[in-house]
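Examining the three-dimensional arrangement
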Amino acid sequence: MDEPLVTRLRDFGETIFAEMTRLATETDAINLGQGFPDTDGPASLLHDAAQHILGGVNQYPPGPGRPELRAAVAAARAESHGLDYDPATEVYVTVGATAGIAAAVLGLVEPGDEVIVFEPMYDSYPAVIAMAGGVRRPVTLRPTGQAGAARFTFDPQELRAAVGPRTRMILVNSPHNPTGTVFSPEELAVIAEVCREHDLLALTDEVYEHLTFDGVAHVPLATLPGMRERTVAVSSVGKTFSVTGWKTGWVMGPAPLVRAVSTVNQFLTFTANGALQLAVAEALRSEMAWVAAQRDALQAKRDRLSEGLRAAGFEVMRPQGTYFVMADIRPLGFTDGIELARTLPRAAGVAAVPAQVFYDRAEEGRHLVRFAFCKRDEVLDEAVTRLSRLSKG
């Protein structure tokens, strides 16, 4: 039998995260590849979830999500960014942000429509654009600035040049995975101008919205002039409260766009776990101080791992947010990130993710690997000790 998978998805096999995690398990390596913390979120959040499960909240919740969570999400967005969303029609709960992004693309992109994405890009973006029959148009983020303080950004002219007659949407991820860039107000203004000028939709992945460092602020694209009415914003509980396995997210936007998302999602996952939704609703109201402390702890972990990587011989780009640091492998004499990532678990007992898998133009990221720093300090220290073998070898 010929390959049974539909043609548009034949470029998508096992994800790099699954491969690196499998290699880490097989070799008993420290897994700094996949972005999940090795500690839990606030005790009250976990306790509330357990109590709701034991209390009988175990059947289907409403398709759009529990009203308590939708109200809490709307209130949090209004308080933090001054964006007012109607919980009944402009907030919709999904099984994690990934499902929300998928439903948004499937519900808003016609076959042949073009979607502009910033590369390196999270691996679900190209897959779901392909599922929708869309065409992705990458705009490359490149490091700029002095070594040790470089951040990734885009050329505004490249963004404008990527727009064509079939362009439908710009997909914006900020804080950005994998580079750690937090788009500045000036960069967001360029994106907003392009959207307004060409009547484009914006889909914003904001799952790391609370995890920014050094006083850098996350600014939602929807806050810019003329953008609320054309932006679908997506976030989730996983990164904010260190419960990535809960897969509870939400979509926010004008009612017609959210309705398009819900029309698709009702035939995908239908709804998300109701007990977890209730626990998250309470945490959004009462545990944001925990989130602030977690952000500070992650900033210290970023610095801890970055210093260790530099000592081991890597050149490190300083992330402004997220769980990740990007490292240049060339000072160590390596040139191919995939080759190194597949070698590291056995050679050094550490797993990382090669950045080039996040690019359409693989050469742009061939020399980069991504490490996750959302781990206990002793785990990071042991990883650095192991990685130091590379320069000594």
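Residues numbered from 1 in each chain as written. Predicted model: local features only at pLDDT ≥ 70, side-chain atom pairs only at ≥ 80, totals over all residues. Heavy atoms only, no water.

**Examining the packing of aromatic side chains**
Applying the stated rule across the entire model yields eleven aromatic pairs. Arranged with centres 5.9 Å apart and planes meeting at 70°, the rings of Y122 and Y125 form a pair that is edge-to-face. Here Y122 falls in the partly exposed class, since its relative accessible area comes to 24%. Lying over the aromatic face of F324, R370 brings its terminal NZ or CZ to 3.6 Å of the ring centre. Sitting over the face of the ring of F36, K375 holds its NZ or CZ atom 3.8 Å from the ring centroid. (Phe/Tyr/Trp six-rings, centres within 6.5 Å; stacked < 30°, edge-to-face > 60°. Buried < 20%, exposed > 50% of the residue type's maximum accessible area, 1.4 Å probe, protein only. Lys NZ or Arg CZ within 6 Å of the ring centre and 35° of its normal.)

**A look at the domain arrangement of the protein**
Looking at the protein, the domain boundaries give domain 1 (7–41 + 290–390) and domain 2 (43–287). A separation of 24 Å is found between the C-alpha centroids of domain 1 and domain 2. At the interface, 38 residues of domain 1 touch 47 residues of domain 2. Area buried by domain 1 at its contact with domain 2 is led by Q320, T322 and F358, which between them contribute 19% of it. Its salt-bridge partner being R136, residue D360 comes within 2.9 Å of it at the nearest N-O pair. For the pair domain 1 and domain 2, the interface holds 25 residue pairs in polar contact (both at pLDDT 80 or more). Counting residues per element, the ones that place at least two in the side of domain 1 that touches domain 2 are α10 (288–312), β11 (315–316), β12 (324–328) and β15 (368–372). If one sorts the elements of the side of domain 1 that touches domain 2 by residue count, α10 sits on top with eight residues. (Domains from an automatic or database assignment. Contact = heavy atoms within 4.5 Å. Buried area = accessible area lost by both parts, 1.4 Å probe. Salt bridge = Lys/Arg side-chain N within 4 Å of Asp/Glu carboxyl O. Polar contact = N/O pair within 3.5 Å; in protein donor to acceptor, adjacent residues only side chain to side chain. Helix = DSSP H or I, 4+ residues; strand = E, 2+ residues; numbered from the N terminus.)

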